[in-house]
Amino acid sequence: MRRQDDLIIIGGGASGFLAALGARLSGFQGRAVIIEKEEQALRKVLASGNGRCNLVNINPAEGRFHGEDPSFALSVLNQHPASRVLDIFKEIGLLTVEDREGRIYPRSFQSRSVTTVLVKALESQGVELLFPHTVTHLDRIGDRYRVTLGGRGS
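Now for a quick tour of the structure. (Residues numbered from 1 in each chain as written. Predicted model: local features only at pLDDT ≥ 70, side-chain atom pairs only at ≥ 80, totals over all residues. Heavy atoms only, no water.)

### Concerning helix 4 (residues 82–91)
Buried within helix 4 we find A82, I88 and F89. Taken end-on, helix 4 shows its buried residues confined to a sector of 120°, consistent with a single buried face. Turned more than 90 degrees away from the buried face of helix 4, the exposed residues are K90 and E91. Elements in contact with the buried residues of helix 4: helix 1 (14–25), strand 3 (56–57) and helix 5 (111–124). Just past helix 4, the residue G93 takes up positive phi, approximately 100°. (Buried < 20%, exposed > 50% of the residue type's maximum accessible area, 1.4 Å probe, protein only. Helix = DSSP H or I, 4+ residues; strand = E, 2+ residues; numbered from the N terminus. Arc of directions from axis to C-beta. Contact = heavy atoms within 4.5 Å.)

Now the structure itself:
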């Protein structure tokens, strides 16, 4: 099957879903699709926080990151503060609650609430979800890309 999309996001996890949602909320109107290799998109979100899904932490992040360049994580978090993440979830209808340590969870304390609102938000925005599909090849052709899929579940 040959198709032409304007935005292809490879990976149907939290980042892929939020990237697609962010594009739509920023005004992107083209044809958009998320390609995921797993049988279920957002699988890791369902397991996060012991099934409760800790969305963000509103406490300062300094001193919490390690590695070669801990400042990298801080620079990203400063550009996308917890309040902005919460605004996005509120905009798509997710009610949240804060615990004593500043962690924000869905009000239901169930990760399924998060996956449900994300899927519904993308469907309402006209973003197509393709899974399970594996990307087998990616070619750049001028200013465009050709993405070859290996079929369902391959």
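### Details of the sheet that holds strand 6 (residues 127–130)
The parallel open sheet is built from three strands, whose spatial order is 1-2-6. The sheet is open, and its two borders are formed by strand 1 (7–10) and strand 6, each paired with just one other strand. Direction aside, neighbouring strands of the sheet carry axes that sit 20° apart on average. Alignment of strand 2 (residues 32–35) against strand 6, held across four bridges, turns out to be parallel. Each residue of the ladder has a partner; that of I35, found in strand 6, is L130. (Pairing = 2+ DSSP bridges. Axes fitted to C-alpha atoms, helices over the stretch in contact; angles between N-to-C directions.)

### So, the environment of R146
The topology assignment puts R146 in strand 8 (residues 144–152). Taking the relative accessible area as the measure of exposure, R146 reaches 38% and is therefore partly exposed. R146 sits 42 residues away from I104 along the chain, and the two C-alpha atoms are 39 Å apart. Setting aside anything within four residues of it in sequence, one finds R146 in contact with R2, H137, L138, D139 and I141.

### Let's talk about the packing of aromatic side chains
All chains considered together, the criterion is met by one aromatic pair. Ring geometry for Y105 and F109: centres 5.5 Å apart, planes at 40°, overall tilted. A relative accessible area of 3% places Y105 in the buried class. By relative accessible area, which is 35% here, F109 ends up partly exposed. (Phe/Tyr/Trp six-rings, centres within 6.5 Å; stacked < 30°, edge-to-face > 60°.)

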